[in-house]
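Fold and contact review
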Amino acid sequence: MGVSCVYDYPVPDGRSGAQVVDVLQKQVETMGAYKTGNFHIDCETYQSVMLNSPKTLHILHNSEHPASCFAILDSGNTLVADTLFNGLMSNLKNYYQARKGAKIESKGQRYQLADFVLKIGSVSLAGSFKGILVEVEYSPSLVAMECWNLMKELLQSIVGNIAETPPQTLKPRMDETFTPTMAMLQYLEHFNNFRNKAAMSQPAR
Amino acid sequence: MNHEPVQTPTELIQASIHLIQKLRTGVGQVFKDLSDGISEHADENSSKEETDSTAASSSTKDAAKDKNSTISSQNQKEGSGTEKSEDQQEKHRAILRTLKRSLETISHDFSDLEKTGGHLGPVHMLSNIDYLSLDPVDKNTVMHPQLLQAYKWTNKMHELANQAFTVLSQNSLKRTQSPFFTSAKKQKGSLPVACLVPPVAVDTFVHNLDQSNVDMSISISRPLGSCGVMQIDLKRTLRAVVVLRGLMIEWVKVKGFDETFKTEDGQIDIWSSSRYQVFQKITDHAEAASLHYYAPAKPEIAIKSFVLWLEGFSTLFSAPCHKCGKHLQNNMPPTWRDFRSREPFHDVCRM
Ligand SMILES: [Zn+2]
């Protein structure tokens, strides 16, 4: 597991998500990347019921770490457990309840390019398409500070100028040894943005 | 037919096969002549039956099928028309002559075959491969051609290895002390200096090396007997194992910082390669460097220079290429460090 950067790739007006994903896939294939299967990241959000100050708990899964389950509080506190934790959550349903229609996921094709892993995912919230997340991982390096400039060169040839700076979530932790959780925090950040956008657009209708 | 006394077994076999084919044609001809004769005779019989229907006895009805009876009836009938019978007799003689000729050809061919066969010795099988080629079940499999291919390949490799040996034996720079590759004289000269350093001295040397390098942690263990295995961790960038014989570098492997040189049962694994292309490349370069810095007369300086060179990789992911100024070339960072200046270069950007 190396350093990962996740970016929200904008879908221009008048084009469908599938079209943009297709263009991105063609692009990385031209660069020499080859398919190494599918990937899948999902997030379920739970709300506390009994507490005076309500708390939110996000449960994330990543196909890259199929035996793990990431539990993240809004404060950023994270617990990495094995998948039995899912069962524990159903036992806690008197305290934490899943927010309805909040299940969000990103899935798509996984690519390998030398020591890079590229993931082009379509995000869907409760089944409807919301956007595209592009993840680039540089597996041999463990410190974002060291390999950022190197990753930037590759990132910019895929997603362009969006990758001018490191992802917001990663910025304060550039010198830390990278962990899978740091990738999940980036995904959570994007998932929350997509949800907020969806919530904002709904009352306007 | 005209056998020269000296013939290879293959030629003999080919000649025999040819003769057997000839013999078969001959025998075929005999049978054809015989059947011609019989059908001719049957025709005569049946036509006679029609013409001499009144004179013919009732026994001729099954004439065509029963040879003996036809012959006897024929004899009876011959007297009736002399002109006709003479004509027939001429025909019979012609048939008999043809038959005789065919039979003579057969006996001639047969004696030829016998002669040729006499020269044939038993076929000596060389190996199981030859039996395999005869196995009719194996006709459908590719085993035999594959074996032949492998055999040819091995021969070729042997030939090339011999050529390589000739070329390499002209080269005086040798690291290996095997008596197969070096003369006994040289062996005595170079062995004590680099290889015969006592383990305690090596341990002390490595300990000092560890103290003097801030970015590296270097430790030594001896899981393989007297050979020291130096394990180097460079910052959070890479890990390396260096196998030492005395103070001579024998083996180098480089892996990522999240990889391990330990097997599942805790042994040191010096063989397996990194799963990352970048460290596989660096392993190749480190092997080249261990040869470049090789100095049997001053082994300590050789190792120090090598370790210093390896330390240059602390900027593996952060330093751009000194020549092209980029980080990535073929999706790889600069994996080469210059031997003198330690400047980073892409593999393809070296001069
Ligand atoms: Zn270069």
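Above this note sits the structure.
The text that follows walks through the structure, step by step, so that each part is easy to find. No experiment lies behind these values; they were computed from the predicted model shown.

**Observations concerning the overall build of chain B**
Secondary structure assignment for chain B yields nine helices and six strands. Within chain B, buried positions represent 31% of all 351 residues. The long-range share in chain B, meaning contacts at least 24 apart out of those at least 6 apart in sequence, stands at 47%. When the accessible surface of chain B is summed, it comes to about 22500 Å², and 57% of that surface belongs to carbon and sulfur atoms.

**Quick word on the nonpolar core**
Counting residues in each nonpolar core, the largest one holds 68 residues, and the members touching the most others are Phe116(A), Leu118(A), Met151(A) and Phe306(B). Sorting elements by how many residues they give to this core places helix 3 (residues 144-159) of chain A first, with nine residues. Not counting chain neighbours up to four residues away, the residues in contact with Met151(A) comprise Val3(A), Cys5(A), Phe116(A), Val136(A), Glu137(A) and Tyr138(A). Residues Phe39(A), Ile72(A), Val123(A) and Tyr187(A) belong to the second largest nonpolar core, which totals 18 residues.

**Some thoughts on the interface of chain A and chain B**
Tallying the contact residues gives 21 residues for chain A and 17 residues for chain B. The contact between chain A and chain B buries some 1700 Å² in all, and 54% of this surface belongs to carbon and sulfur atoms. If you look at where chain A meets chain B, you find one salt bridge. As a salt-bridge pair, Arg236(B) and Asp175(A) come within 3.4 Å of each other at their nearest N and O atoms. Here chain A is connected to chain B by seven residue pairs in polar contact (both at pLDDT 80 or more). Counting residues per element, the side of chain A that touches chain B draws most heavily on helix 3 of chain A, which supplies six residues. Split into classes, the residues belonging to the side of chain A that touches chain B amount to 12 nonpolar, four polar and five charged.

**Here we look at the coordination of the zinc ion**
All names here are of chain B. Taken together, the protein donors to the zinc ion comprise Cys 321 (SG), Cys 324 (SG), His 346 (ND1) and Cys 349 (SG), at separations of 2.1 to 2.4 Å. Taken together, the four donor atoms coordinating the zinc ion span angles of 97 to 116° at the metal, a pattern that classifies the geometry as tetrahedral. Mapping the donors of the zinc ion onto the primary sequence yields the spacing C-x2-C-x21-H-x2-C. Pair noted here: Cys 324 is in the loop between helix 9 (299-311) and strand 5 (336-337) and Cys 349 is in the segment after strand 6 (344-345), with a separation of 25 residues, a long-range link. In this structure Cys 324 comes out as partly exposed when scored by relative accessible area, which is 33%.

**Some details on the pattern of salt bridges**
Considering all chains together, one arrives at 20 salt bridges over all chains under this definition. Close ionic contact of Glu64(A) with Lys119(A) constitutes a salt bridge, the shortest N to O distance being 3.2 Å. With Glu64(A) in the loop between strand 3 (56-62) and strand 4 (68-73) and Lys119(A) in strand 8 (residues 116-125), the pair connects residues that are 55 residues apart, well separated along the chain. Residue classification places Glu64(A) among the partly exposed residues on the basis of a relative accessible area of 24%. Taking relative accessible area as the criterion, Lys119(A) reaches 1% and is therefore assigned buried. Between Lys115(B) and Asp112(B) there is a salt bridge, with its nearest N and O atoms 3.8 Å apart. In this pair, Lys115(B) and Asp112(B) are both assigned in helix 3 (residues 82-119), three residues apart and thus about one turn of the helix distant.

**A few points about empty space enclosed by the protein**
Residue and element names in this part refer to chain B. Going through the model one piece at a time under the given rule, you end up with one cavity of 30 Å³ or more. A volume near 70 Å³ is recorded for the largest cavity. Around the largest cavity, the lining comprises 12 residues; the ones closest to its centre are Leu 247, Met 248, Ile 249, Tyr 294 and Ala 302. Among the secondary structure elements, those contributing two or more residues to the lining of the largest cavity are strand 4 (248-256) and helix 9. Per-element tally for the lining of the largest cavity: the top contributor is helix 9, with three residues.

**So, unusual backbone geometry**
Even without a glycine there, the phi angle at Ala126(A) is positive, about 45°. Overall, Ala126(A) belongs to the exposed group, its relative accessible area being 54%. In this model, Asn331(B) sits at a positive phi of 65°, which is unusual for a non-glycine residue. As for its placement among the helices and strands, Asn331(B) is situated in the loop between helix 9 and strand 5.

**Describing the packing of aromatic side chains**
All names here are of chain B. Within the structure shown, the criterion is met by 12 aromatic pairs over all chains. Residues Tyr 293 and Phe 339 carry aromatic rings whose centres are separated by 5.5 Å and whose planes lie at 80° to one another, so their mutual orientation is edge-to-face. Placement of Tyr 293 in the loop between helix 8 (277-292) and helix 9 and of Phe 339 in the loop between strand 5 and strand 6 is noted, with a sequence separation of 46 residues between them. Since its relative accessible area comes to 14%, Tyr 293 is described here as buried. Taking relative accessible area as the criterion, Phe 339 reaches 21% and is therefore assigned partly exposed. Residues Trp 336 and Phe 339 carry aromatic rings whose centres are separated by 4.9 Å and whose planes lie at 70° to one another, so their mutual orientation is edge-to-face.

**Quick notes on the environment of Met145(A)**
Residues and elements named next belong to chain A. By the element assignment, Met 145 lies in helix 3. Note: C-alpha distance between Met 145 and Pro 166 (21 residues apart in sequence) is 9.5 Å. Setting aside residues no more than four positions away along its own chain, Met 145 makes contact with Met 174 and Asp 175.

**Structural notes on the sheet that holds strand 4 of chain B**
Two pairing modes exist for strands in a sheet, parallel and antiparallel, and in both the strands are linked by backbone hydrogen bonds. All names here are of chain B. As summarised here, the arrangement of the four strands in space is 1-2-3-4, forming an open sheet in which the pairing is antiparallel. Each end of this open sheet is capped by a strand with a single partner; those strands are strand 1 (216-224) and strand 4. Going across the sheet, the axis of each strand differs from the next one's by a mean of 20°, ignoring polarity. Across seven bridges, strand 2 (residues 227-234) lies against strand 3 (residues 238-245) in antiparallel orientation. Directly across from Gln 231, in strand 3, lies its bridge partner Val 241. Set on the sheet, helix 7 (residues 199-212) makes contact with strand 1, strand 2 and strand 3; between it and strand 1 the angle comes to about 160°. Contacts from helix 8 reach strand 3 and strand 4, with the element oriented near 165° to strand 4.

Calculation notes
- Residues numbered from 1 in each chain as written.
- Chains lettered and ligands numbered in written order.
- Predicted model: local features only at pLDDT ≥ 70, side-chain atom pairs only at ≥ 80, totals over all residues.
- Heavy atoms only, no water.
- Helix = DSSP H or I, 4+ residues; strand = E, 2+ residues; numbered from the N terminus.
- Buried < 20%, exposed > 50% of the residue type's maximum accessible area, 1.4 Å probe, protein only.
- Contact = heavy atoms within 4.5 Å.
- Areas by Shrake-Rupley, 256 points an atom, 1.4 Å probe, with all protein chains shown as cover.
- Core = buried A, V, L, I, M, F, W, Y, C linked by side-chain atoms within 4.5 Å.
- Buried area = accessible area lost by both parts, 1.4 Å probe.
- Salt bridge = Lys/Arg side-chain N within 4 Å of Asp/Glu carboxyl O.
- Polar contact = N/O pair within 3.5 Å; in protein donor to acceptor, adjacent residues only side chain to side chain.
- Nonpolar A, V, L, I, M, F, W, Y, C, P; charged D, E, K, R; others polar.
- Donors = N, O, S within 2.8 Å, 3.2 Å for Na, K, Ca; no water.
- Tetrahedral: all angles 85-135°; square planar, octahedral: opposite > 155°, others 65-115°.
- 1 Å grid on protein atoms, 1.4 Å probe; cavity = no way out; pocket = protein on both sides within 12 Å on 5 of 7 lines; lining within 4 Å.
- Points joined across faces, edges and corners; volume = space filled by probe spheres on them.
- Phe/Tyr/Trp six-rings, centres within 6.5 Å; stacked < 30°, edge-to-face > 60°.
- Pairing = 2+ DSSP bridges.
- Axes fitted to C-alpha atoms, helices over the stretch in contact; angles between N-to-C directions.

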